[in-house]
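# Report on the structure
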Amino acid sequence: MAIRSVASRRTLAGLKETSSRLLGSRSIQTFTLPDLPYDYSALEPAISGEIMQIHHQKHHQAYVTNYNNALEQLDQAVNKGDASAVVKLQSAIKFNGGGHVNHSIFWKNLAPVKEGGGEPPKGSLGGAIDTSFGSLEGLVKKMSAEGAAVQGSGWVWLGLDKELKKLVVDTTANQDPLVTKGGSLVPLVGIDVWEHAYYLQYKNVRPDYLKNVWKVINWKYASEVYEKECK
Amino acid sequence: MAASAAVTANYVLKPPPYPLDALEPHMSKQTLEFHWGKHHRAYVDNLKKQVLGSELEGKALEHIIQNTYNNGDLLPPFNNAAQAWNHEFFWESMKPGGGGKPSGELLALLERDFTSYEKFYDEFNAAAATQFGAGWAWLAYADNKLKVVKTPNAVNPLVLGSFPLLTIDVWEHAYYLDFQNRRPDYIKTFMNNLVSWEAVSSRLEAAKAASA
């Protein structure tokens, strides 16, 4: 198969992050697929336009759709007072909600080279990285190694422990958000190591994906989050 | 997989029982080249390196699997050992011109334990479709009953106390080149065009004999 044109902009729909649905006597907040701030092909050659389009329009969209469905079912179960149903829905909520949360962060973690993708972090985050990991290269090496070692599906993260005020590297399984590893962890950079994130381009060689993805990491965004949390 | 294969002390990358292009158009040659030639090969090679010099070296694959599962708190060699086993079992679960409804005793047992082949199909399909993340769906045999099981990552029914009879790999690498995100289409293709009911029958006979 081939996806011919990846030059077209990502979807025009889904301009709002959220929408409301009226169910019963109150409305619940549901979600829509966020637009990418760049074209699908803008991260080439690090990540192919083909992967970006499928990853965004199919995988992330499916998490959004299924999360909304789970939330509607949850709302009904809560209204009915059906405790078993509420508990039973938790894994679908964690998986699909987590998928939406994680991918929403991921798109902001990436930027085309001409918009600063790959440029090392300056300011306080750059300094904190040098303090905690010796250098940016040291951090990259650690995250790449941990990302390569994830068995099955998951994510590798650079996070800020806002209580201890230190940077941490950690991994999560499947679509577990970073906060599941610690309530005070704020994600700064997440790298998706599910096979769908790289397979069409890098096949089984996840380490090559991890070597190249750093060329499009948006350190400006990570710095903004860091500085905001450190206030 | 015959019982004697379990006694392999040399961990071998056994080729599928058909050429790598034999499952086309349902599963491409390219997929087999990567899935068998790279992924499965890596599990075997890494297992050899991992157990070298340890007390597990030379032990049968199934022994390593059972002894490193550790009630779910997996010891390091589990992943490579179980994935080596799972993949060999997977290739042998398929055949060119396979799929569709079985007949004879196997059909009778599916009808007995699932009400109908269609109900079995739906249950197996649902298990494969709803295994979040990487994993496998299985038809397994325990306590004289057939059942559908889904497992995460490298886990298989051997460590859950049942005999595996059939499996489908739902790690993304199993279907991404041919189907991309469309796992449901992959599962349907597997069920309709690839399942080797002969393999399932002979495994069932072995399971019954081992349970007797």
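Anyway, here's the lowdown on the structure attached to this text. Remember, it's a predicted structure, so these values are computed and weren't measured experimentally. (Residues numbered from 1 in each chain as written. Chains lettered and ligands numbered in written order. Predicted model: local features only at pLDDT ≥ 70, side-chain atom pairs only at ≥ 80, totals over all residues. Heavy atoms only, no water.)

### Here's the deal with the overall build of chain A
Check the secondary structure of chain A and you find eight helices and five strands. Mapped from its N terminus to its C terminus, chain A presents α and β elements in the order β-β-α-α-α-α-α-β-β-β-α-α-α. In chain A, which comprises 231 residues, the share counted as buried stands at 51%. Partitioning the intrachain contacts of chain A with sequence separation of at least 6 by distance along the chain shows that 67% fall at a separation of at least 24. Of the roughly 11,000 Å² of accessible surface on chain A, a fraction of 54% belongs to carbon and sulfur atoms. (Helix = DSSP H or I, 4+ residues; strand = E, 2+ residues; numbered from the N terminus. Buried < 20%, exposed > 50% of the residue type's maximum accessible area, 1.4 Å probe, protein only. Contact = heavy atoms within 4.5 Å. Areas by Shrake-Rupley, 256 points an atom, 1.4 Å probe, with all protein chains shown as cover.)

### Describing the packing of helix α1 (residues 49-80) of chain A against helix α3 (residues 90-109) of chain A
All names here are of chain A. Closest axis-to-axis distance for the α1/α3 pair is 8 Å, and the angle between their directions is 140°. Relative to α3, the element α1 lies oblique. Classified by chirality, the crossing of α3 by α1 is left-handed. Residues Met-52, His-55, His-56, His-60, Ala-62, Tyr-63, Val-64, Asn-66, Tyr-67, Ala-70 and Leu-74 of α1 form the contact with α3, whose own contacting residues are Gln-90, Ala-92, Ile-93, Phe-95, Asn-96, Gly-97, Gly-99, His-100, His-103, Ser-104, Phe-106 and Trp-107. In the contact of α1 with α3, the residues fall into 12 nonpolar, 11 polar and no charged. (Axes fitted to C-alpha atoms, helices over the stretch in contact; angles between N-to-C directions. Parallel < 35°, antiparallel > 145°, perpendicular 65-115°, else oblique. Left-handed = near helix turned anticlockwise from the far one by under 90°. Nonpolar A, V, L, I, M, F, W, Y, C, P; charged D, E, K, R; others polar.)

### Quick word on the interface of chain B and chain A
The interface is formed by 16 residues belonging to chain B together with 18 residues belonging to chain A. When chain B packs against chain A, the two sides together hide about 1,700 Å² of surface, and 62% of this comes from carbon and sulfur. The largest share of the area that chain B buries against chain A comes from B:Phe132, B:Glu172 and B:Tyr176, three residues that together contribute 36% of it. Where chain B packs against chain A, one counts zero salt bridges. Counting across the interface, chain B meets chain A through seven residue pairs in polar contact (both at pLDDT 80 or more). Elements with a minimum of two residues in the side of chain B that touches chain A: α1 (29-51) and α6 (176-179) of chain B. At four residues, α1(B) tops the list of elements feeding residues into the side of chain B that touches chain A. By residue class, the composition of the side of chain B that touches chain A is six nonpolar, eight polar and two charged. (Buried area = accessible area lost by both parts, 1.4 Å probe. Salt bridge = Lys/Arg side-chain N within 4 Å of Asp/Glu carboxyl O. Polar contact = N/O pair within 3.5 Å; in protein donor to acceptor, adjacent residues only side chain to side chain.)

### Points about unusual backbone geometry
Residues apart from glycine generally show negative phi values, whereas peptide bonds are mostly found in trans. Of note, the amide linkage connecting A:Glu44 to A:Pro45 takes the cis form, showing an omega dihedral of 0°. Among the structural elements, A:Pro45 can be located in the loop between β2 (26-31) and α1. In the Ramachandran plot, B:Asn70 falls in the positive-phi region, its phi being about 50° despite a non-glycine side chain. If you trace the backbone, B:Asn70 turns up in the loop between α2 (61-69) and α3 (77-91). Residue B:Asn70 is classed as partly exposed on the basis of its relative accessible area of 36%. Despite not being glycine, B:Asn71 shows a phi value in the positive range, around 55°.

### So, the pairing of strand β3 (residues 163-169) of chain B
Residue and element names in this part refer to chain B. Of all seven residues making up β3, six are buried, and the element is well covered by its neighbours. Note that strand β1 (residues 135-142) and β3 share six bridges and pair antiparallel. Bridged to Leu-139 within β3 is Leu-166. (Pairing = 2+ DSSP bridges.)

### Quick notes on the packing of aromatic side chains
Per the counting criterion, the structure on display carries 26 aromatic pairs over all chains. With centroids separated by 4.0 Å and ring planes inclined at 10°, the aromatic side chains of A:Phe95 and B:Phe132 adopt a geometry described as stacked. Of this pair, A:Phe95 sits in helix α3 while B:Phe132 sits in the loop between α5 (117-130) and β1, on two different chains. Using a relative accessible area of 12% as the deciding quantity, one classes A:Phe95 as buried. A relative accessible area of 30% means that B:Phe132 is categorised as partly exposed. With centroids separated by 5.9 Å and ring planes inclined at 55°, the aromatic side chains of B:Phe179 and B:Tyr186 adopt a geometry described as tilted. What makes B:Phe179 buried here is its relative accessible area of 10%. Sitting above the plane of the B:Trp36 ring, B:Arg41 keeps its charged end 5.3 Å from the centroid. Over the aromatic face of B:Phe89 sits the side chain of B:Arg203, whose NZ or CZ is 3.6 Å from the ring centroid. (Phe/Tyr/Trp six-rings, centres within 6.5 Å; stacked < 30°, edge-to-face > 60°. Lys NZ or Arg CZ within 6 Å of the ring centre and 35° of its normal.)

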